[in-house]
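Observations on chain architecture
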There are 2 protein chains.
Amino acid sequence: MNVTGHTRRPASIRDVATAAGVSYQTVSRVINGHPSVRPSTRERVQAAIEELGFRRNATALALASGRTRTVTVLTANTTHYGYASILQGIEEAARAASYAVGIGVLESAEDAAVAAEVQRATDTGGGIVVIAYDPAGVRALGTVPAGVPVVGVVETPASPPGGESPWVWTDDREAAYQATRHLLALGHATVHYVAIPSSTRRTSARTSGWRQALKEAGAPEPRPAQGGWGPAGGHAAALKLARDPSVTAILCGNDDLALGVLRALHETGRSVPGEVSVAGFDDAPHCAFLTPSLTTVRLDFTGLGRAAFALLHGALEESAPVAPHPVSEPELVVRESSGPPPARA
Amino acid sequence: MNVTGHTRRPASIRDVATAAGVSYQTVSRVINGHPSVRPSTRERVQAAIEELGFRRNATALALASGRTRTVTVLTANTTHYGYASILQGIEEAARAASYAVGIGVLESAEDAAVAAEVQRATDTGGGIVVIAYDPAGVRALGTVPAGVPVVGVVETPASPPGGESPWVWTDDREAAYQATRHLLALGHATVHYVAIPSSTRRTSARTSGWRQALKEAGAPEPRPAQGGWGPAGGHAAALKLARDPSVTAILCGNDDLALGVLRALHETGRSVPGEVSVAGFDDAPHCAFLTPSLTTVRLDFTGLGRAAFALLHGALEESAPVAPHPVSEPELVVRESSGPPPARA
DNA sequence: ACGCCTTGTGTGACCGGTCACATTCATGTC
DNA sequence: GACATGAATGTGACCGGTCACACAAGGCGT
């Protein structure tokens, strides 16, 4: 351990080379584990590396080799539970593969802004993961120029893309199906749905899972309410639903919406689950501690993030660590907010 | 717009140079806005840039100039509201300054792991922001080698550091003081405190703000309970407090703890705010929608993140955008969870 | 003893920019 | 008209690595 007082230029491979009395190429071979280096030489070089505290310059490496070992995550949001968890999963996997993680926030869905952010991300030369749960993300995914390695974290596609698609997703359809069936099984005549915005104009997988369950049960299909992303949207949507006494079960596009719905029901004096049952999606950590605690479908966001990185990693390097982390199936978590409908409907 | 079919090596300044019939240096001058370039030449170069879709290679720029225009955020967590909001603030400010944002998660507080992560961050050559609200972060902040530009987002220091310190913080002391005074003013005999872990062994600013308010009011000072970071910790701590009928007001180290506390009080049949008042910190978006909605102190985390970046930016570049974004003062938000104590204590 | 292949090592060019300096040419000054 | 001056542009080296290739020494087959 040599304490090098004030800041000075860090040692380069040439510094190490002269210190060890070899050429810089030999140093390069040592740090890359090339086989044909005499053990005695290797040791001398290693000693010099230790001595000078040499660390390979990431920038130079990237420039010379072309491989950046970087993944940039493009996302419209960093604070929502789902988004943040995906980011966390990506970071975990990237760290394990010694990749650097960059982040770019798509503040607006406007074309120019999105294009600029995608440009910045491609400029790094590394791979890109786009969280495309919203219009900004979808647009970004579409803006990435061909040839740039990119993986999209997307809503469940309507039809499974053939072969190898650069997308990962959770089984939203199944999740919605399970939650809806749970509520129907409790005896509710039908289940109302407060939706999160769809990233595209098409029907979301959650909506279609919900529909399917209703259809199978022969239950009437109410028009889905639009709730936005946050509790405020859920609150507004539920204030309307609460006026209708026939509403006894509400499925919410995510847990934040559900929180707003619970609040609205409380304000309108409708008890949960006595009069109305509520369920959400995601199983954010606070769900278990709400009053009443929230029935929801757990989604494996960190696993999704890890899978996204694994896919990208495979595209970026030959030595693909095949068989990526699997994404867990959605799992219904029943808590206090769901129960049988009131005795006489 | 020329569509270049399949992926090929992007244009470099030399490509542009030959296309425009000038030297690469002149191209460099044009893209850097150097004054002494004849307008006609400048135009020709600009046209060639457009034509070839030239974009300056960030890696090469970094290597040649030494300036990386990168900030790496080291944090123990990306999903908690406070952490995520700080990250968002940093990203906003960094984007405005066209800096790239990297992120490294301190998964363990263990020395070796932290050191490795700090190493990786310094290897980029850019600046570092460490969120040091926890032992891992504090350790990371201490591990950053001298000479590397770094800004710490820290708990309020016990004594204000003199002159220019590379730290930013919110006024936790004032926040705790305000919340405690609010509860005391409602008539509570004293206020119990469920603390978040302190990043160091010293008394946290929140604790001391709470103490000061109690002392000024001549109220007895109960022993603070340790709650951890999440709702589970608050829940556990509050189950104990709930056994003591003299407890009528509980201040919680953050909103997540408060959620757990509310839940525990519900489970033990103590009404809020009828029998017990509860207050939190942070004003996370869900606070307003809880039942009862949560009295809390709003902290300007995104502003804090912006300020952290501004400080770093100033340290990294001469052309410092002085007068960084100010961090808003903590602001007490009174909601349903706080009220006067029960009539006969 | 000769050539050949393998092992260990060194040399030069290159990645795509920037920087310091040299060069050319037009202009103003005495 | 000679000369200093400044604007416009070009040349070479450099940042810190990697890559392709050259080259010397040693082992082996014939």
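Quick caveat: nothing in here was measured; it's all calculated off a predicted structure.

1. Topic: the sheet that holds strand 11 (residues 331–333) of chain B
Residue and element names in this part refer to chain B.
- The strand order across the open sheet formed by 6 strands is 7-6-8-9-10-11, and the pairing between neighbours is mixed. Strand pairing shows two members of the sheet lacking a second neighbour, strand 7 (225–226) and strand 11, which therefore form its edges.
- The sheet contact formed by strand 10 (residues 295–298) and strand 11 spans 3 bridges and is antiparallel. For valine 297, the partnering residue across the bridge sits in strand 11 and is leucine 332.

2. Overview of the pairing of strand 1 (residues 70–75) of chain B
Residue and element names in this part refer to chain B.
- Across the 6 residues of strand 1, 6 count as buried, placing the element largely inside the fold.
- By the alternation rule, side chains of strand 1 split into Thr70, Thr72 and Leu74 and Val71, Val73 and Thr75, which are all buried.
- For the crossover that starts at strand 1, traverses helix 5 (residues 81–96) and ends in the parallel strand 2 (residues 100–105), the hand is right-handed.
- Pairing of strand 1 with strand 3 (residues 127–132) involves 4 bridges; the strand directions are parallel. The partner of leucine 74 across the bridge, within strand 3, is valine 130.

3. Some remarks on the relation of the copies chain A and chain B
- Relative to chain B, chain A is turned by 180 degrees and slid 0.0 Å along the rotation axis, the superposed coordinates differing by an RMSD of 0.0 Å. What we have between these two chains is a two-fold relation. Taking C-alpha positions as the reference, the residue of chain A nearest the rotation axis is glycine 102 of chain A, at 2.1 Å.
- Same-surface contact between copies: 100% of interface residues of chain A are shared with the interface of chain B.

4. Some details on the pattern of salt bridges
- The final tally for this structure, using the stated rule, is 36 salt bridges over all chains.
- Where arginine 263 of chain A meets glutamate 267 of chain A, a salt bridge forms, and the shortest distance between an N and an O atom there is 2.9 Å. Pair noted here: arginine 263 of chain A and glutamate 267 of chain A are both in helix 11 (residues 255–267), with a separation of 4 residues, about one helical turn.
- We classify arginine 263 of chain A as buried; its relative accessible area is 6%.
- A residue is classified by how much of its surface remains accessible, and glutamate 267 of chain A, at 42% relative accessible area, is partly exposed.
- The partner of glutamate 221 of chain B in a salt bridge is arginine 211 of chain B, and the shortest N-O contact between them spans 2.6 Å.

5. Let's talk about the protein's contact with DNA strand C
- Not every one of the 30 residues close to DNA strand C is listed here, only the nearest: Thr26 and Thr41 of chain A together with Arg14, Gln25 and Ser28 of chain B.
- Taking the atoms of DNA strand C that fall within 4 Å of the protein, sugar and phosphate contribute 49% of them.
- In this structure, a base nitrogen belonging to DNA strand C sits 2.3 Å away from a side-chain N or O atom of glutamine 25 of chain B.
- Between DNA strand C and the protein, one listed contact pairs a phosphate oxygen with a backbone N or O atom of asparagine 57 of chain B at 3.2 Å.
- Listing elements by their share of the surface near DNA strand C, those giving two or more residues are helix 2 (24–31) and helix 4 (58–65) of chain A together with helix 1 (13–20), helix 2 (24–31) and helix 4 (58–65) of chain B.
- Residue classes in the surface near DNA strand C are distributed as 13 nonpolar, 10 polar and 7 charged.

Parameters and conventions
Residues numbered from 1 in each chain as written. Chains lettered and ligands numbered in written order. Predicted model: local features only at pLDDT ≥ 70, side-chain atom pairs only at ≥ 80, totals over all residues. Heavy atoms only, no water. Pairing = 2+ DSSP bridges. Helix = DSSP H or I, 4+ residues; strand = E, 2+ residues; numbered from the N terminus. Buried < 20%, exposed > 50% of the residue type's maximum accessible area, 1.4 Å probe, protein only. Right-handed = clockwise from strand over helix to strand, strands pointing away. Least-squares fit on C-alpha atoms with pLDDT ≥ 70 in both. Contact = heavy atoms within 4.5 Å. Salt bridge = Lys/Arg side-chain N within 4 Å of Asp/Glu carboxyl O. Near = heavy atom within 4 Å. Polar contact = N/O pair within 3.5 Å; in protein donor to acceptor, adjacent residues only side chain to side chain. Nonpolar A, V, L, I, M, F, W, Y, C, P; charged D, E, K, R; others polar.

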